[in-house]
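For reference, the chains in residue letters:
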Amino acid sequence: GKVAAYLSLSGAGRPAQYGIVCLLLLATIPLVNFLVEWNGGLTLPGSLAPVEDWMRSAERDAGQLTQAFLAADGMRGLAVNLMVVAVLPALGEELLFRGVLQRLATELTRNVHAGIFLSAFVFSAIHVQFFGFVPRLLLGMYFGYLLYWSGSLWLPVAAHFLNNAGAVIVSWLVASGAVATNPDEFGVGEGEMLYVAVSVFMTAALLYAFSRTRKAADGSSSRQAVRER
């Protein structure tokens, strides 16, 4: 009966939390690139060669579809891509996977961490891109913990939008020649493990800082309740 409350849409979150989400978008670039490269290089045993061939074929099809979306040029094409690739998935997928599925999985397992993992697992699997499964699984868990720590679905929606919109804008800038270096290459070249290590450290520190914002807010609410009593 209370849809907004059920989907955790009642609260908007705190400004500091959105600031940390923006910083995380930048801090995770080398780490995500490294994980994508590592996951893409995995191979199955020889006995499962037909399965691997099917998985790679599905991966190529998904990649071609993505490139078809991103191929549009001009400001109008950019606007359409942002709507299709960033706005709609951020709202639709977060409402489904974090707003509904994560809640149901948490209630089923009676464990919030298990609920976050299960919803992220389905989130990654349903994309049918197996050689990007691990990075997308971790991305889904990141969105899940944003909801858990903030209590607001608007935080994972914002993070999902920024993640997808960043990819769309960078692809558009690279295609138009506005930027010479593709950020997707950071952390995957020789001698760039230092960038990955720094990215891991910064990501962990920012996630910890985000988790503390929830605890600080809870503590402030408790003190206010005591004063009111």
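For the structure, see preceding data.
Calculation criteria
- Residues numbered from 1 in each chain as written.
- Predicted model: local features only at pLDDT ≥ 70, side-chain atom pairs only at ≥ 80, totals over all residues.
- Heavy atoms only, no water.
- Salt bridge = Lys/Arg side-chain N within 4 Å of Asp/Glu carboxyl O.
- Helix = DSSP H or I, 4+ residues; strand = E, 2+ residues; numbered from the N terminus.
- Buried < 20%, exposed > 50% of the residue type's maximum accessible area, 1.4 Å probe, protein only.
- Axes fitted to C-alpha atoms, helices over the stretch in contact; angles between N-to-C directions.
- Parallel < 35°, antiparallel > 145°, perpendicular 65-115°, else oblique.
- Contact = heavy atoms within 4.5 Å.
- Expected span 1.5 Å × (residues − 1).
- Phe/Tyr/Trp six-rings, centres within 6.5 Å; stacked < 30°, edge-to-face > 60°.

## So, the pattern of salt bridges
- Under the definition given, this model contains 1 salt bridge.
- Notably, a salt bridge pairs R98 with E94, separated by 2.7 Å at the nearest N-O pair. Pair noted here: R98 and E94 are both in helix α5 (residues 74-109), with a separation of 4 residues, about one helical turn. Note on accessibility: R98 and E94 belong to one class, buried.

## Here we look at the packing of helix α3 (residues 29-40) against helix α7 (residues 133-150)
- At their nearest, the axes of α3 and α7 sit 7 Å apart, and the two run at 140° to each other. As summarised for this structure, α3 and α7 are arranged oblique, according to the angle between their axes. Contacts between α3 and α7 involve L35, V36, W38 and N39 on the former and, on the latter, F133, V134, P135 and L138.

## Describing α7
- Taking 1.5 Å as the rise per residue, α7 with 18 residues should run 26 Å; its terminal C-alpha atoms sit 26 Å apart, in good agreement.
- Along α7, 14 of the 18 residues are buried, which leaves the element largely enclosed by surrounding structure.
- One or two steps after α7, the chain reaches G151, where phi turns positive at roughly 75°.

## Description of the packing of aromatic side chains
- For the coordinates displayed, the defined rule picks out 8 aromatic pairs.
- With a centroid separation of 6.2 Å and 40° between ring planes, the pair formed by F117 and F121 is classed as tilted. Within this pair, F117 and its partner F121 are both found in helix α6 (residues 112-125), separated by 4 residues, close to a single helical turn.
- Taking the relative accessible area as the measure of exposure, F117 reaches 36% and is therefore partly exposed.
- Residue classification places F121 among the partly exposed residues on the basis of a relative accessible area of 38%.
- Judged by centre distance (5.2 Å) and plane angle (35°), the rings of Y145 and W149 are tilted. Of the two residues, Y145 and W149 are both situated in helix α7; the distance of 4 residues between them amounts to about one turn of the helix. Like W149, Y145 is buried.

## Details of the environment of V80
- Along the chain, V80 falls in helix α5.
- Assessed through its relative accessible area of 43%, V80 is described here as partly exposed.
- Separated by 14 residues in sequence, V80 and E94 place their C-alpha atoms 20 Å apart.

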